[in-house]
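Observations on chain architecture
Letter by letter, the chains look like this.
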Amino acid sequence: MRRTMIFSAVIAAVAMPVAAPAPAFARHATYTGRDGRYHYRCKRSSGRTGLLAGAGGGGLGAAALGAGPIGIAAGVIGGGLLGRHLDKKHDAAQNRRNGC
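Description of the structure in this document.

Rules used in this analysis
- Residues numbered from 1 in each chain as written.
- Predicted model: local features only at pLDDT ≥ 70, side-chain atom pairs only at ≥ 80, totals over all residues.
- Heavy atoms only, no water.
- Helix = DSSP H or I, 4+ residues; strand = E, 2+ residues; numbered from the N terminus.
- Buried < 20%, exposed > 50% of the residue type's maximum accessible area, 1.4 Å probe, protein only.
- Contact = heavy atoms within 4.5 Å.
- Axes fitted to C-alpha atoms, helices over the stretch in contact; angles between N-to-C directions.
- Left-handed = near helix turned anticlockwise from the far one by under 90°.
- Nonpolar A, V, L, I, M, F, W, Y, C, P; charged D, E, K, R; others polar.

**Things to note about the overall build of the chain**
For the chain, the helix and strand inventory stands at four helices and two strands. Residues counted as buried form 15% of the 100 residues belonging to the chain. Residue pairs in contact within the chain that sit at least 24 positions apart in sequence constitute 56% of those at least 6 positions apart.

**A closer look at the side chain of N95**
Considering the arrangement of structural elements, one finds N95 in helix α4 (residues 69-97). With relative accessibility at 13%, the residue N95 sits in the buried group. Not counting residues within four places of it along the chain, the set of residues in contact with N95 comprises C42, K43 and C100.

**What about the packing of helix α3 (residues 48-64) against α4?**
Contact pair α3 / α4: the axes reach a minimum separation of 6 Å and the direction vectors enclose 145 degrees. The interaxial crossing formed by α3 with α4 has right-handed handedness. Facing R48, T49, G50, L51, G54, A55, G58, G59, A62 and A63 of α3, the residues of α4 in contact are G71, I72, G75, V76, G79, G80, L81, G83, R84 and D87. When the residues that make up the contact of α3 with α4 are grouped by side-chain class, the tally is seven nonpolar, ten polar and three charged.

Okay, structure coming up:
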């Protein structure tokens with residue numbers, strides 16, 4: 001019993017740095033300019049996340065409305081295009097707010 005507890009504690013201590021998330025300061029996309037102030041890096045999105053989410057939502061919405069195969073395909077295409085547009089628009093607005 002004691003041996004098992006010690007072994008478990010050692011394994012947990014070794015695995016902890018690997019399983020721990022990155023510190024908060026490492027996740028920020030900032031840099032310090034020549035003026036010493038913090039600046040955000042400009043974001044340039046391909047819109048892939050919005051495309052996939054919009055296509056899934058458009059397909060599910062068309063299927064829920066009882067559309068046929070052509071209607072579902074149109075829902076997937078339309079939702080994908082709308083989702084991509086909204087994703088890129090969101091990143092552009094975020095860049096404007098951050099002074100990019």
